[in-house]
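Each chain is listed here by its residues.
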Amino acid sequence: MKKILIVESPNKAKEISHMKLGMEVKATLGHIADLPPNEMGMEITPDKVYFLLEPLKNKKKTIAELKKACKGNVVYIASDPDREGEAIAWHVYREIKKVAKEIYRIDIHAITKNEIEKALKNTRSINENLVEAQVARRLTDRWIGYVLSPLACRELKKKVSVGRTQTSGLRIVYDREREIEKFVPEPLWKVVLDVGDTFSSQNFKDENKAKDLLEKLKRGIVVSDVEKKLEPKSPPAPLTAASMQQRASAFKWNANKTMQTAQSLFEKGLISYHRTDSVRLSDETLSGLRNYLKDKHPELLADKPMKHKNKNRTQDAHEAIHPTNFGNEPDKLNISSDEKLLYSLIWNFTLASQSKPALYEVVTVKAGNDLAPEALKVVGRKRTFDGWEKFLKEEGTKNIREYKKGQRLEGDLSIVKSFTTPPPRYDDGSFIKVLEAKGIGRPSTYAAIQDTLFKRGYVKKEKGKYVLTDLGREVAEWAIKRFPEIADINFTAHLEEMLDAVELGEENWENVVRHVDEIIRKEPFSRDIT
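Residues numbered from 1 in each chain as written. Predicted model: local features only at pLDDT ≥ 70, side-chain atom pairs only at ≥ 80, totals over all residues. Heavy atoms only, no water.

What follows deals with the packing of helix α10 (residues 283-296) against helix α11 (residues 337-353). Contact geometry of α10 with α11 gives a least axis separation of 10 Å together with a crossing angle of 85 degrees. Comparing the axis directions of α10 and α11 gives the class roughly perpendicular. Residues Leu289, Tyr292 and Leu293 of α10 form the contact with α11, whose own contacting residues are Trp347, Thr350, Leu351 and Ser353. Residue composition of the contact of α10 with α11, by class: five nonpolar, two polar and no charged. (Axes fitted to C-alpha atoms, helices over the stretch in contact; angles between N-to-C directions. Helix = DSSP H or I, 4+ residues; strand = E, 2+ residues; numbered from the N terminus. Parallel < 35°, antiparallel > 145°, perpendicular 65-115°, else oblique. Contact = heavy atoms within 4.5 Å. Nonpolar A, V, L, I, M, F, W, Y, C, P; charged D, E, K, R; others polar.)

The terminal C-alpha atoms of helix α18 (residues 509-520), which comprises twelve residues, lie 17 Å apart, in line with the 16 Å expected from a rise of 1.5 Å per residue. Regarding α18, the residues found buried are Trp509, Glu510, Val512, Val513, Val516, Asp517, Ile519 and Ile520. Buried residues belonging to α18 abut β4 (42-44), β5 (49-51), α5 (128-156), α16 (484-487) and α17 (489-503). The opening residue of α18 is Asn508, an N-cap whose side-chain oxygen sits 2.7 Å from the backbone nitrogen of Glu510. (Expected span 1.5 Å × (residues − 1). Buried < 20%, exposed > 50% of the residue type's maximum accessible area, 1.4 Å probe, protein only. Polar contact = N/O pair within 3.5 Å; in protein donor to acceptor, adjacent residues only side chain to side chain.)

Before going further, it helps to examine unusual backbone geometry. The phi angle of most residues is negative, glycine excepted, and most peptide bonds adopt the trans form. The residue Lys20 is not glycine, and still its phi comes out positive at about 55 degrees. Considering the arrangement of structural elements, one finds Lys20 in the loop between α1 (10-17) and β2 (24-27). Located in the positive-phi region is Leu29, a residue other than glycine, with phi close to 60 degrees. One can find Leu29 in the loop between β2 and β3 (33-34).

What follows is about the environment of Ser224. Take Ser224: it is sitting in strand β11 (residues 221-233). The residues touching Ser224, leaving out its near neighbours within four places in the chain, are Lys366, Ala367, Gly368, Pro373, Glu374 and Lys405. From its side chain, Ser224 meets the backbone oxygen of Pro373 in a polar contact 3.0 Å long.

Each aromatic ring pair is characterised by the separation of its centres together with the angle its planes make. The full count for this structure, using the stated rule, is 13 aromatic pairs. Members of the aromatic cluster, joined through ring pairs, are Tyr292, Phe326, Tyr343 and Trp347. Above the ring of Trp90, the side-chain terminus of Arg94 is found at 5.2 Å from the ring centroid. Between the NZ or CZ atom of Arg381 and the centre of the ring of Tyr360, over which it lies, the distance is 4.3 Å. (Phe/Tyr/Trp six-rings, centres within 6.5 Å; stacked < 30°, edge-to-face > 60°. Lys NZ or Arg CZ within 6 Å of the ring centre and 35° of its normal.)

A separate point is the pairing of strand β12 (residues 358-368). Taken residue by residue, a regular strand's side chains alternate between the two faces of the sheet. With eight of its eleven residues buried, β12 lies for the most part within the structure. Inspection of the sheet shows β11 paired to β12 by eleven bridges, in the antiparallel sense. Residue pairing for β12: Glu231 is matched across the bridge by Tyr360. Where β12 and strand β13 (residues 376-385) come together, nine bridges link them in antiparallel fashion. Within the sheet, the bridge partner assigned to Leu359 lies in β13 and is Phe385. (Pairing = 2+ DSSP bridges.)

Moving on: the nonpolar core. Residues Phe431 and Ile520 are the most contacted members of the largest nonpolar core, which totals 57 residues. With twelve residues, α5 is the largest single contributor of residues to this core. Residues Leu293, Tyr343, Leu345 and Ile346 belong to the second largest nonpolar core, which totals 54 residues. (Core = buried A, V, L, I, M, F, W, Y, C linked by side-chain atoms within 4.5 Å.)

The subject of this paragraph is the side chain of Thr350. Along the chain, Thr350 falls in helix α11. Look past the residues within four positions of Thr350 in its chain and what remains in contact with it is Leu289, Ile321, His322, Pro323 and Phe326.

So this is what it looks like as C-alpha cells:
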C-alpha cells in the first residue's frame, strides 16, 4: 500500500517529489470538473437548486491516471487551501472514493518539507462550507453570464459578454470616465513667498481675496510661529495578494504577471501561500522573523511583536505572504530577475512589518504680519530614525532652512493661479486598490477581471492609464439601463459578503443563488429570460 499526495500544479508536484517524503505525488492541473460548457447546467425550482457537474473533456486522462494511482492506497488531497482548492478536493474525492483505501484532506501553506510533514500530521475532512461557497459563486456567475450575455448580444447586435465581476469592474472605469467628462476646472488663487523655501497661503476661489491678502503682506512679513514635533510613521502590514498586486504595479506589472511570478516562487518553496487576504503571521513565522532582525538589524527590531489586523472574519485562514526561510536572503538566490524583484518586495515588507516606526521631525513655520498673522506656511519633514523605512526606502523628507520666531522674511511675493484637476484615470495599481476597497471579487480574481476588460475591448491602455472604449461605454450603459441592480457595484460587494457567510456556515448556498435569480427576474425584464 502506497501513500499518494495530490496537488494542483505539476511544478509543485515536481518540487515535492524531490523532498523524499516516501509518497507518490500527482497533479490535477487545476480543476477536473465543472458545469457543462455548452448548456446552462443548472435549474432553480421552488424547492431546490439543481446543478450538473461533469469531468472536463481535457481532464479525462488525468482523472483516469489519478484513479489508477489511488486504487487501494492512502490518499492525501492537497489542493490549494481556498474555495477553489476545496472544490477541486471535492471533485477529486468524488472520482476516487470508490477505489482509494483511505482519503484525507490536508492544507499546505508553503512548499517546504517541514510544512508538508506538519500538514500530513494534521489531516481533516473536506470543508463543506468552503465547497458550498464555491458552488454558489460558480452558479451565480453562470446564471448571470448565461442569461444576460445572450440578451446583451441580441439587443446590442454585437458579440459582448456581461458578468458579475467583469461588469462591476467595467462600471468602475465607466463611472470614472463620466466623472472626468463632467468635470469643469475651477480657478484657484494663492499667495506665495519664495525665500528659497516656498511659503504658501490657503487656496482662494475668489481672486479678490488673494489680491487683498497680497496687499496686506506687502507691508512686511515675519515668522509668527515655529512648531517642531516628532512624528512616528508606523510600519506597514506584510503583503496580502491584493497589496502585493498593487505594489508590483510599480514594476509596470499587471495582476496576472504578479500572480504568475508569485506562483513560481510558491512552487519553489520560497514564499508562503500567496492567494491570501490575511495580514497575520503565525507565532512560528514571527519567531523566525524577529530572530533574523535581532541578529542582522537589532537596532530596527520592534520592542514587541507587531499585530496587524485583518478587515473581516474570513481572512484569517492563511498567513500573510512571507519568505519561508529567513536564511534565503534575496541576493543569495539563483532565480530569475522577475522572481528576485517580487521576492525582494515580499522580503522587505515582511521585515518592515516587525520593525520600529520611522521617526520624522516635522517643522511647521507660519508667517505674516499684524494684518494677517499666520497667512503663510511651509512644512518641512526630516527623518531622524529610519526604522522600517530602512527596508522600503520610502521618501518622506522635505528639508527647509532654520527659522526663528520674529525673523523678517524677504523674497518674491506673488499670486499663483491654478486650476482644480479631474480625478485621475486608473492604472493597474489604483484599479486593484478600488476593487479591494469596494469588495469586488477576491484578490485571486483581480487578474481575470483586468484581462477580461482588455480582451473584450471594453477598456484600453493609454500611457499606462485605463481608458473606456466606445464598446465598453455601450455595454456599461446597456447593463445600467436593463439590469441596474446587477450593474450596481454594491451588488457584487454584497454577494461577496453572502459568499463569506456561506463559507462561515451562516448562510445557505441556495439562498445566494435564489437572491441573484430574483434580481434577474424582476419586472420588466423577466419576459426576456428563457
